[in-house]
Amino acid sequence: MEVGAEAFAQLLPRLRRLIRRAAFVALDTEFTGLYSTFSQSSEPSLFDSPVERYLKTRQSVQRFTVTQLGLAIFSKENSNKYVVHSYNFFLFPSMLGVRDVEFTLSASSIQFLSHYGFDYNKFLKDGIPYMNEVQEKILRQHLLAGSWTFHSTSAANRDVLRKVIDEVTHWIAVAEEEETMILQDLSDYHVLEVQLVLRQALQNVWTEPLGNKKVMVKKVSPQHRQLLENSSCDPCQTELILLSARGFTNLFQTLVEAKKPLVGHNMLMDLMHLHDKFYKPLPESYEEFKRNIHNLFPVLIDTKTVTKSMKKNYLFPRVSSLLEAYEVLCSSSLNPKDPLWPVIALASDCSRYAEKESPHEAGYDAFLCGSVLLMSAHLLLRRSTDNAMEADPSFSQYLTALAEHVNQVNFTRGGFSSINFSGEDAPCHRPPALVVQVQGWPGVNERQIYQEFKGLCRFDVRRLSKNQFILLSNKYKQVRLVLRDYKHHPHLQVSVYRHWRHSPRVNCLLQVSGIVALWSLLAFVLGRAPSCS
C-alpha cells in the first residue's frame, strides 16, 4: 500500500496497532543519493576503520534525504503462518518551521530509482512531513512566540494559498461580524496550512475544520478571537500543529516505544538516516551513535550479515541483491518439503507484491527482507536441533537461533565484517596488506597503481612513501594471485606489508635510534681514549 501525506493521518492509528502486536518489523529506505562526491575522501575504502566509515557516511547522510521508506509489519497469526502488512511511505521534509530544508540530489541515484519506476511527483507533491527532535524544539519555541514561517517550494501550494487569501480578503471586506464562509475542495494536507496562514495574515478571522476537505472561516472581533484562541478546543493549538508537522516522526516514535526487532538488509545507512531525520542530528562520536541506536532499537537483525554466514554450511551461492537471496531461499534446494516451513502471506489490502515483483521499491524490499529473515532463521533453527523440530517454532525460538547475528550490522567493503551495536566491534580479519616498491617509474601516483592492478583484481591503493604504495583487498585469492604474477616484475616489487619493515614512522625511528646509538658509541670510545702527557 502506498501512503502519502493525505492518507497518513487517517492510517496512523491502524499502523500503530499493527506495530504493537507485530512479531517484528522489516525496514528499507530509498535516498536522493548514497555517497557524496563533494569530497573524494568521502568514498568508502578498505582502509576505513568503523569510526572512519561512520564519519564518511555521516557527511553523506547530512547532504541527502529519504525519498521513500518501506515498512513490512510481520504478525504471527497461527502455527507457522505470518501475515505481512507492507507499506510504502513517500516522505518530504516538513516545511513548517523557521528554516528551509536543503538537500542534495545525486544524478546516478535519481536515474537508478527512475529506472525502477519511482514516482517523483508523489515524493514532491504528497510526501509525508517529518522532523527530528531539534527541529521540533525550534518550531515549538517559534509557535509559542508567534514567529513561525511556512516554507512552501511547491508552485501548486503557493497557488492554493494565494487563491484562498484573495477569496477571504475580498469576502471579509464586506462581511459582517459573525458571518461565515466555507472553503471547499481542500486537500487534507492544506486544511491545517490554510488555517494557519489565514490566522496569521488576518487578525479578525477565525477558522475551524469541518471535515470532508472543508474549512469554515468566520469574521470575529479581536476580543472574540482572543477568547477562541485560549479555548481547549482550538484545532490549531501548538500540540496539534506539532503533531501535523511531525508527520512520519509520529510513527517512528511508535516503533521506538514498541521495541520490536527491527530487520534490514545492509542497514547501516538506513539506521543513520533514521537517527538523523527522525531522532537527532548525527553525533560526531561513532560510539555515541551506536549507543543511541541501541537505546532506540535494542534488537537489530541485518539479513546481509545472516546470509553471508550461511554460505559454507548451506552451500548458499553468492548473491548480489536482496531479491536473489529471497529467490535462493525459496528454491527447492534450500526449501525442501518441510511442514513447519514458515508460511508468509500478504494481507488482503497489501497484496500487490504477491502478483508482481517491484525491486527497489521500499515496501517491497522490506517485505523481501522480513521473508529472508524468517526462512534463514528456520534453517538455522532446524540445523541447531538436528532436524528434530516437533512443533511449530515460535519467533522467540527463531531469535535464539539468530543470537550470534543480533545487533551485528554489515560493514560493506572493509576490514571489519560487521558493526556491533551492543558492544565492542570484533577485531579486524582480512587478507594481509601488500606493499608495492616502484622502480624506474618516475612521478607514479595512486591512480596509476590502481589501473595497473585493475585488470587482475580489485585493490584499494594508498601511498606509503615516494616510491611505495599499500594495496588492500578483501579476498585472499587476489592477494595470492598478485604475489605470484608480480614475483619477477621489472618495475614493481610486491611483498607482504610488515609494519616493522615498511612503516615510514618505524623506519624514521630506527634511523634516529641508529644515529643516537652511533654518537653514544663514539662518545664512549673517545671518552676512554688515553690522554697525551
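In short, a report on the structure. Owing to the predicted nature of the structure, the values given are computational and were not obtained by experimental measurement. (Residues numbered from 1 in each chain as written. Predicted model: local features only at pLDDT ≥ 70, side-chain atom pairs only at ≥ 80, totals over all residues. Heavy atoms only, no water.)

### Some remarks on the overall build of the protein chain
Part 1 of the reasoning: A tally of helices and strands in the protein chain yields 21 helices and 18 strands.
Part 2 of the reasoning: The buried share of the protein chain, taken over its 533 residues, is 48%.
Part 3 of the reasoning: Within the structure as shown, the protein chain displays about 27,500 Å² of accessible surface, and the carbon and sulfur contribution to it stands at 52%. (Helix = DSSP H or I, 4+ residues; strand = E, 2+ residues; numbered from the N terminus. Buried < 20%, exposed > 50% of the residue type's maximum accessible area, 1.4 Å probe, protein only. Areas by Shrake-Rupley, 256 points an atom, 1.4 Å probe, with all protein chains shown as cover.)

### Describing the packing of helix α2 (residues 50–63) against helix α11 (residues 268–279)
Part 1 of the reasoning: With their axes 10 Å apart at the nearest point, α2 and α11 run at an angle of 55° to one another. By the angle between their directions, the pair α2 and α11 is classed as oblique. You can see that α2 and α11 cross each other, and the crossing is right-handed. On α11, the residues touching Tyr54, Thr57, Arg58, Val61 and Gln62 of α2 are Met269, Met272, His273, Asp276 and Lys277. (Axes fitted to C-alpha atoms, helices over the stretch in contact; angles between N-to-C directions. Parallel < 35°, antiparallel > 145°, perpendicular 65-115°, else oblique. Left-handed = near helix turned anticlockwise from the far one by under 90°. Contact = heavy atoms within 4.5 Å.)

### Some thoughts on the sheet that holds strand β8 (residues 205–211)
Part 1 of the reasoning: Sheet architecture is open: three strands sit in the order β7-β9-β8, paired in antiparallel fashion. Of all the strands in the sheet, just β7 (180–183) and β8 have a single pairing partner and so form its edges. Strand after strand, the sheet turns through a mean of 25° between neighbouring axes, direction not considered.
Part 2 of the reasoning: Taken together, the six bridges between β8 and strand β9 (residues 214–219) define a ladder with antiparallel strand orientation. (Pairing = 2+ DSSP bridges.)

### Remarks on the sheet that holds strand β16 (residues 460–465)
Part 1 of the reasoning: Spatially, the four strands line up as an open sheet ordered β16-β17-β15-β18, and their pairing is antiparallel. The open sheet has two free edges, formed respectively by β16 and β18 (492–496), since each of these has just one partner strand. Within this sheet the neighbouring strands show an average axis-to-axis angle of 25°, counted without direction.
Part 2 of the reasoning: Pairing geometry for strand β15 (residues 434–438) and strand β17 (residues 468–472), over four bridges, is antiparallel. Along β17, the bridge assignment pairs Val436 with Phe469.
Part 3 of the reasoning: Running over the sheet, helix α18 (residues 446–454) touches β15, β16, β17 and β18 and is turned about 130° from β16.
Part 4 of the reasoning: On top of the sheet, helix α19 (residues 476–485) reaches β15 and β18; it is set at about 135° to β18, its chief contact.

### Quick notes on α19
Part 1 of the reasoning: The set of residues buried in α19 consists of Gln478, Val479 and Val482. Viewed along the axis of α19, the buried residues span an arc of 100°, placing them on a single side of the element. Across from the buried face of α19, at angles greater than 90 degrees, the exposed residues are Lys477, Arg480 and Arg484.
Part 2 of the reasoning: Those residues of α19 hidden inside the fold are in contact with β15, α18 and β18. (Arc of directions from axis to C-beta.)

### So, the pattern of salt bridges
Part 1 of the reasoning: A complete count under the given rule lists 13 salt bridges for this structure.
Part 2 of the reasoning: A salt bridge links Arg352 to Glu2; the shortest N-O distance between them is 4.0 Å. Within this pair, whereas Arg352 is found in helix α15 (residues 352–355), its partner Glu2 is found in strand β1 (residues 2–3), the two being separated by 350 residues in sequence.
Part 3 of the reasoning: Residue classification places Arg352 among the partly exposed residues on the basis of a relative accessible area of 35%.
Part 4 of the reasoning: Several salt bridges share partner residues, and in doing so they unite Glu2, Lys122, Arg352 and Glu361 into one network. (Salt bridge = Lys/Arg side-chain N within 4 Å of Asp/Glu carboxyl O.)

### Some thoughts on the nonpolar core
Part 1 of the reasoning: Core analysis: the biggest nonpolar cluster contains 49 residues, and Leu69, Phe89, Phe248 and Leu271 have the highest contact counts within it.
Part 2 of the reasoning: Of all elements in the fold, only α1 (5–20), β2 (24–31), α2, β3 (66–78), β4 (81–90), α10 (249–258), α11 and α12 (286–296) reach the threshold of two or more residues within this core.
Part 3 of the reasoning: No other element matches the seven residues that α11 contributes to this core.
Part 4 of the reasoning: Contact partners of Leu69, with chain neighbours within four places excluded, come to Leu27, Asp28, Thr29, Tyr87, Asn88, Phe89, Leu91, Phe248, Leu274, Phe278 and Ala362.
Part 5 of the reasoning: Of all hydrophobic cores here, the second largest spans 43 residues; its members include Ala325, Ala366, Leu374 and Tyr398. (Core = buried A, V, L, I, M, F, W, Y, C linked by side-chain atoms within 4.5 Å.)

### Digging into a positive patch on the surface
Part 1 of the reasoning: Positive charge collects at one region of the surface, where Lys308, Lys311, Arg318 and Lys475 lie side by side.
Part 2 of the reasoning: With respect to the helices and strands, the residue Arg318 is situated in the loop between α13 (303–309) and α14 (322–330).
Part 3 of the reasoning: Classification of Arg318 as exposed rests on a relative accessible area of 66%. (Patch = residues over 30% accessible without salt bridge, like charges linked within 9 Å, V, L, I, M, F, W, Y side chains within 5 Å. Lys, Arg positive; Asp, Glu negative; His and termini not counted. Charge placed at Lys NZ, Arg CZ, Asp CG, Glu CD.)

### A closer look at the packing of aromatic side chains
Part 1 of the reasoning: Taken as a whole and judged by the stated rule, the model has 26 aromatic pairs.
Part 2 of the reasoning: Look at Tyr54 and Phe289: their rings are 4.9 Å apart centre to centre, the planes differ by 25°, and that puts the pair in the stacked class. Note that Tyr54 is positioned in helix α2 and Phe289 in helix α12, a separation of 235 residues in sequence.
Part 3 of the reasoning: A relative accessible area of 1% means that Tyr54 is categorised as buried.
Part 4 of the reasoning: Relative accessible area serves as the criterion here: at 0%, Phe289 is assigned to the buried category.
Part 5 of the reasoning: Three or more aromatic residues joined by ring pairs form one cluster here, namely Phe8, Tyr87, Phe89, Tyr130, Phe248, Phe252, Phe278 and Phe297. (Phe/Tyr/Trp six-rings, centres within 6.5 Å; stacked < 30°, edge-to-face > 60°.)

### A few points about the packing of α1 against α10
Part 1 of the reasoning: One can describe the packing of α1 onto α10 by two numbers: an axis separation of 10 Å at closest approach and a directional angle of 10°. Comparing their axes, α10 and α1 come out roughly parallel. Contact residues: α1 offers Phe8, Leu12, Leu15, Arg16, Ile19 and Arg20, while α10 offers Asn250, Leu251, Thr254, Leu255 and Ala258.
Part 2 of the reasoning: Here the contact of α1 with α10 is composed, by residue class, of seven nonpolar, two polar and two charged. (Nonpolar A, V, L, I, M, F, W, Y, C, P; charged D, E, K, R; others polar.)

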